[in-house]
Amino acid sequence: MGPTGAGKSEFALRLAAQLPIEIISVDSAQVYRGMDIGTAKPSVDERVRVAHHLLDLRDPTQSYSAGEFVVDARIALREILARGRIPLLVGGTMLYFRALLGGMAVLPRASSAVRTALDARAAREGWPALHAELARVDPGAAARIHPNDPRRIQRALEVHAVTGRPISDLWAVRESPDQAAPEFGFASWALVPGSRPMLHARLEQRFNAMMQLGFLDEVRALHARGDLCMTNTSMRAVGYRQLWAHVAGEVTLEQASVQAVAATRQLAKRQLTWLRSWPAVQRIDPFSTDSFEHFRAAVLQLLQ
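Note that this is a predicted model, so its numbers are computed, not measured.

Cut-offs used in this document
- Residues numbered from 1 in each chain as written.
- Predicted model: local features only at pLDDT ≥ 70, side-chain atom pairs only at ≥ 80, totals over all residues.
- Heavy atoms only, no water.
- pLDDT = per-residue confidence, 0-100.
- Contact = heavy atoms within 4.5 Å.
- Salt bridge = Lys/Arg side-chain N within 4 Å of Asp/Glu carboxyl O.
- Buried < 20%, exposed > 50% of the residue type's maximum accessible area, 1.4 Å probe, protein only.
- Helix = DSSP H or I, 4+ residues; strand = E, 2+ residues; numbered from the N terminus.
- Expected span 1.5 Å × (residues − 1).
- Arc of directions from axis to C-beta.
- Axes fitted to C-alpha atoms, helices over the stretch in contact; angles between N-to-C directions.
- Parallel < 35°, antiparallel > 145°, perpendicular 65-115°, else oblique.
- Left-handed = near helix turned anticlockwise from the far one by under 90°.
- Nonpolar A, V, L, I, M, F, W, Y, C, P; charged D, E, K, R; others polar.
- Phe/Tyr/Trp six-rings, centres within 6.5 Å; stacked < 30°, edge-to-face > 60°.
- Lys NZ or Arg CZ within 6 Å of the ring centre and 35° of its normal.
- Lys, Arg positive; Asp, Glu negative; His and termini not counted.
- Pairing = 2+ DSSP bridges.

A. Expanded view of the confidence of the model for the protein chain. Taken over all residues, the pLDDT of the protein chain has a mean of 91, while the share at 70 or more is 95%. Counting contacts from residues 175-180, a segment whose pLDDT is below 50, to residues more than four positions away or on other chains yields 11 contacts.

Shown next, in the form of structure tokens:
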């Protein structure tokens, strides 16, 4: 696990070249078909060389939840182990990791009516205003959710509207550990860059590389479908949201690019915040000398 741009996929593929590994994606955007460049989805060649699971599960018009991920991940884990191979979970969606390893909070189903109303308010008032409301009704959730994270602000306010209870209270009532993933034993590594400026530079370089590969054309194709809009969870993914605004004529390409890089940095910051409190995880600085070799040696020792 680790922040976006830390090199998780590179480490995983290098390890898979030496061990009988199959990779399980832990990425809430890579589950969507047609969203390849902006999600840094493994290439066709990489997927031929190493089996990948939980990619391209949904059309971008559909939703995909942490609960669904847990079900799908457990199935993939069992199947990989039954083949006598090693499952390696790789990604940066910390909510998915927490749901699989620590159990799920029991939350109400989504309400399209409440979400539509919240989207309308956000269009009028802005998501920071809705975050301020969340701070009034659920200070605990507001402290953990960034003011520029509309999906999680919406979900927290939706749960409060539907149940009358703060989502932070429901987060505290989790499945017991034996309900999470009792048949599996996990070892966890986190790629945590020691240099924040180096990570920021890498994120900007990666965005520029995505643009050269055709990221803008990918968003144009999604926009041209006519059945997607900013209320779809898929289109709120970092990078897609900002380029969508450009394709819709709301901002210039330069403005969208600057905003996309900034949003990616904010995402990495949130992911690092999650990891600071993550229990029983071995941290590796991916930018340090011989970092992969240290990771490889630790895995081999564990397997022996």
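Let us keep going from here.
B. Seen up close, the pattern of salt bridges. Using the criterion set out here, one finds 19 salt bridges in the structure. Between Asp-56 and Arg-47 there is a salt bridge whose closest N-O contact spans 3.1 Å. Relative accessible area serves as the criterion here: at 24%, Asp-56 is assigned to the partly exposed category. Under the relative-accessibility criterion, Arg-47 is labelled partly exposed at 32%. Between Arg-155 and Glu-158 there is a salt bridge, with the nearest N and O atoms lying 2.8 Å from each other.

C. View of helix H15 (residues 291-303). Across its 13 residues, H15 extends 19 Å between first and last C-alpha, which sits within 8% of the 18 Å expected from 1.5 Å per residue. If you check which residues of H15 are buried, you get Ser-291, Phe-292, Phe-295 and Val-299. One side of H15 holds all its buried residues, which, seen down the axis, span an arc of 100°. With respect to the buried face of H15, the exposed residues turned more than 90 degrees away are His-294 and Gln-301. Taken together, the buried residues of H15 touch helix H1 (8-16), strand E4 (188-191) and strand E5 (281-284).

D. Spotlight on helix H6 (residues 127-137). Among the residues of H6, Trp-127, Leu-130, His-131, Glu-133 and Leu-134 are the ones counted as buried. Buried residues in H6, looked at end-on, bunch into an arc of 155°, giving them a common side. Across H6 from its buried face, at more than 90 degrees, point the exposed residues Pro-128 and Arg-136. On its buried side, H6 packs onto helix H5 (112-125), helix H7 (139-144) and helix H8 (150-163).

E. Layout of unusual backbone geometry. Phi is positive for Ala-40, which is not a glycine, with a value near 55°. Relative to the assigned elements, Ala-40 resides in the loop between strand E1 (21-26) and helix H2 (44-49). According to the relative accessible area criterion, Ala-40 is partly exposed, its value standing at 32%. With a phi close to 55°, Asp-56 is a non-glycine residue in the positive phi region. Topologically, Asp-56 is positioned in the loop between strand E2 (52-53) and helix H3 (66-82).

F. Seen up close, the environment of Leu-19. Relative to the helices and strands, Leu-19 is located in the loop between H1 and E1. Distance from Leu-19 to Glu-133, taken between C-alpha atoms, is 50 Å for residues 114 residues apart in sequence. When neighbours within four sequence positions are excluded, Leu-19 is seen to be in contact with Val-299, Leu-300 and Leu-303.

G. View of the packing of H6 against H8. Running from amino to carboxyl end, H6 crosses H8 at an angle of 40°, the nearest separation of the two axes being 10 Å. Classified by the angle their axes make, H6 and H8 are oblique. Crossing geometry of H6 relative to H8 is assigned as left-handed. Contact with H6, carried on its side by Trp-127, Leu-130, His-131, Glu-133, Leu-134 and Val-137, involves Pro-150, Ile-153, Gln-154, Ala-156, Leu-157 and His-160 of H8 and no other residues of that element. Split into classes, the residues belonging to the contact of H6 with H8 amount to 8 nonpolar, 3 polar and 1 charged.

H. The arrangement of the packing of aromatic side chains in detail. Evaluated as defined, the whole model comprises 11 aromatic pairs. What links up through ring pairs into an aromatic cluster is the set Phe-11, Trp-189, Phe-292 and Phe-295. Over the ring of Phe-292 we find Arg-14; its NZ or CZ atom is 4.0 Å from the centre of that ring.

I. Broad picture of the side chain of Glu-218. Along the chain, Glu-218 falls in helix H12 (residues 215-224). Buried and unpaired, Glu-218 has Lys-41 as its nearest opposite-charge partner, separated by 7.3 Å. Contacts of Glu-218, omitting those with residues within four sequence positions, involve Gly-34, Met-35, Asp-36, Ile-37, Gly-38 and Tyr-240.

J. The sheet that holds strand E3 (residues 86-91), seen in detail. Ordered by their spatial adjacency, 3 strands build an open sheet running E2-E1-E3, and the pairing between neighbours is parallel. Of all the strands in the sheet, the pair left with one neighbour each is E2 and E3. The pairing of E1 with E3 spans 6 bridges and is classified as parallel. Across the sheet, residue Ile-21 finds its bridge partner in E3, namely Ile-86. Taken strand by strand, H3 contacts E1, E2 and E3, and its axis lies near 180° from that of E1.

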